[in-house]
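Observations on the model geometry
This is what each chain is made of:
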Amino acid sequence: MPVSPLTLDRLCIHQVTLMQCDFKGSIDCLARHGVMQTAVWKDKLDEVGTEQGARILHDAGVASVSLCAGGFLTATTKAGQQKILDDNRRWLDQAAAIGAHSMVTITGGLAVGETDIDSARKRVLDRLGELVPLARDTGVKIALEPLHPMACGNRSVISTLGEANNMLDALDMPDILGIALDSYALWWDPELQDEIARAAGRIINLHVSDWLKDTGDTRLDRGMMGDGHIDNRAIRSWVEATGFTGPSEVEIFSEDGWWQRDPNELVATIIERAIRHL
Ligand code: ZN
């Protein structure tokens, strides 16, 4: 089903896209261009503190749709597992304090030297189940984000939307557990359209950017929409066919590219590309 071009009120720009700015600088820049939604980056929030961060967002009139990113659930020791639950509780509290609806949650990679990926995936399932009551306490949803298979070793032991759907089927807690779908992570998957249909009612966040043909770094060399191979508008149409009405969230990690540019030029480019490509 064709979708109409994205309008500014449905455009969200992740704070990490403006890595060249400090917390306040990034929020003020978005507001100056009429982009009134962001996803707050945990490290930037820690630089100013949660209370001050919430105040900056409020004063600028910019809403945070989510906090990025929590999770990292694959610890093997009891002490490690307890620490990660404690950390996630703190991050969920931070998310609630800035008014975010969700905490984007990535599973984490394998332990040092570990070769048993099945066991790592089972640990994630257990830890996710334990996170649920903590999330319910705060009212913040857990948005599980599968990452590209190149990140399987160090950042996410789930790589497809199908695996995320299977985990959510197994846990069956739809009131609090959902999915953050990132086009950069999932665009290559031949099952993507079918799995998006299967994820109906689960998709909390939609992240977008582009995959550059000769990417220099699969994590830190994301492209601007329109510069690569991802049909973001088609993916949005599939997601919206499930009933999703949320914003498209531009999340561009670009160490040697966009992070080196003037932030006003960057946001103006995103707005122009959003109209043409989202
Ligand atoms: Zn993402």
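An account of the accompanying structure is given in this report.

What counts, and where the lines are drawn
Residues numbered from 1 in each chain as written. Predicted model: local features only at pLDDT ≥ 70, side-chain atom pairs only at ≥ 80, totals over all residues. Heavy atoms only, no water. Phe/Tyr/Trp six-rings, centres within 6.5 Å; stacked < 30°, edge-to-face > 60°. Helix = DSSP H or I, 4+ residues; strand = E, 2+ residues; numbered from the N terminus. Buried < 20%, exposed > 50% of the residue type's maximum accessible area, 1.4 Å probe, protein only. Lys NZ or Arg CZ within 6 Å of the ring centre and 35° of its normal. Contact = heavy atoms within 4.5 Å. Pairing = 2+ DSSP bridges. Axes fitted to C-alpha atoms, helices over the stretch in contact; angles between N-to-C directions. Expected span 1.5 Å × (residues − 1). Bend = angle between axes of the 7 residues up to and from the residue. Polar contact = N/O pair within 3.5 Å; in protein donor to acceptor, adjacent residues only side chain to side chain. Core = buried A, V, L, I, M, F, W, Y, C linked by side-chain atoms within 4.5 Å. Parallel < 35°, antiparallel > 145°, perpendicular 65-115°, else oblique. Left-handed = near helix turned anticlockwise from the far one by under 90°. Nonpolar A, V, L, I, M, F, W, Y, C, P; charged D, E, K, R; others polar.

1. Quick look at the packing of aromatic side chains
Under the criterion given, the structure shown has five aromatic pairs. Judged by centre distance (5.9 Å) and plane angle (40°), the rings of Trp 187 and Trp 211 are tilted. With a gap of 24 residues between them, Trp 187 in the loop between helix H7 (183-186) and helix H8 (192-198) and Trp 211 in the loop between strand S7 (203-208) and helix H9 (232-240) connect regions that are remote in the sequence. Of the residues examined, Trp 211 reaches a relative accessible area of 11% and is grouped as buried. A ring pair is formed by Phe 253 and Trp 259, whose centres lie 6.1 Å apart and whose planes are at 55°; its orientation type is tilted. Note on accessibility: Phe 253 and Trp 259 belong to one class, buried. Here the aromatic cluster, defined as three or more aromatic residues joined through ring pairs, consists of Trp 41, Phe 253 and Trp 259. Taking the ring centre of Trp 91 as reference, the NZ or CZ of Lys 42 above it sits at 4.0 Å. Taking the ring centre of Trp 258 as reference, the NZ or CZ of Arg 261 above it sits at 4.3 Å.

2. Digging into the side chain of Ser 248
Structurally, Ser 248 is set in strand S8 (residues 248-250). Those residues within four positions of Ser 248 in sequence are excluded, and the remaining contacts are Leu 6, Arg 10, Leu 11, Cys 12, Leu 206, Val 208, Arg 236 and Leu 278.

3. Re the sheet that holds strand S2 (residues 37-41)
On the basis of which strands lie adjacent, the open sheet formed by eight strands has the order S1-S8-S7-S6-S5-S4-S3-S2 and parallel pairing. Each of the sheet's edge strands pairs with one partner strand only, and the pair in question is strand S1 (11-13) and S2. Here the strands of the sheet are splayed against their neighbours by 30° on average, with no regard to which way each runs. Alignment of strand S3 (residues 63-71) against strand S4 (residues 102-106), held across five bridges, turns out to be parallel. Within S4, the position partnered with Leu 67 by the bridge is Met 103. Where helix H5 (residues 117-138) meets the sheet, it contacts strand S5 (141-144) and strand S6 (177-182), and its direction lies at approximately 145° from that of S5.

4. Some points on H5
When the terminal C-alpha atoms of H5 are compared, their 31 Å separation across 22 residues agrees well with the 32 Å that a helix rising 1.5 Å per residue should span. If you look at H5, its biggest bend is around 30°, right at Val 132, and the proline Pro 133 turns up within four residues after that. Buried within H5 we find Ala 120, Arg 123, Val 124, Arg 127, Leu 128, Leu 131, Val 132, Leu 134, Ala 135 and Thr 138. Where H5 is buried, its residues contact helix H4 (78-97), S5, helix H6 (161-171) and S6. Where H5 begins, one side-chain oxygen reaches toward the backbone nitrogen of Asp 118, 3.3 Å away; that side chain belongs to Asp 116. Once H5 finishes, Gly 139 follows within two positions and takes phi at roughly 80°, a positive value.

5. A short note on the nonpolar core
Buried together is how nonpolar side chains tend to be arranged in soluble globular proteins. Ranked by internal contacts, the top residues of the largest apolar core, which has 72 residues, are Leu 11, Leu 128, Leu 181 and Val 250. Ignoring anything within four residues of it in the chain, the contact list for Leu 11 reads Leu 6, Val 35, Gln 37, Ser 248, Val 250, Ile 270, Ile 271, Ala 274 and Leu 278.

6. Things to note about the packing of H5 against H6
Orientation of H5 relative to H6, taken along the N-to-C sense of each, is 50°, at an axis distance of 11 Å. Overall, the two elements H5 and H6 adopt an arrangement that is oblique. Handedness of the crossing formed by H5 with H6: right-handed. Judged by residue contacts, Arg 121, Val 124, Leu 125, Leu 128 and Gly 129 of H5 engage Glu 163, Met 167, Ala 170 and Leu 171 from H6. Split into classes, the residues belonging to the contact of H5 with H6 amount to six nonpolar, one polar and two charged.

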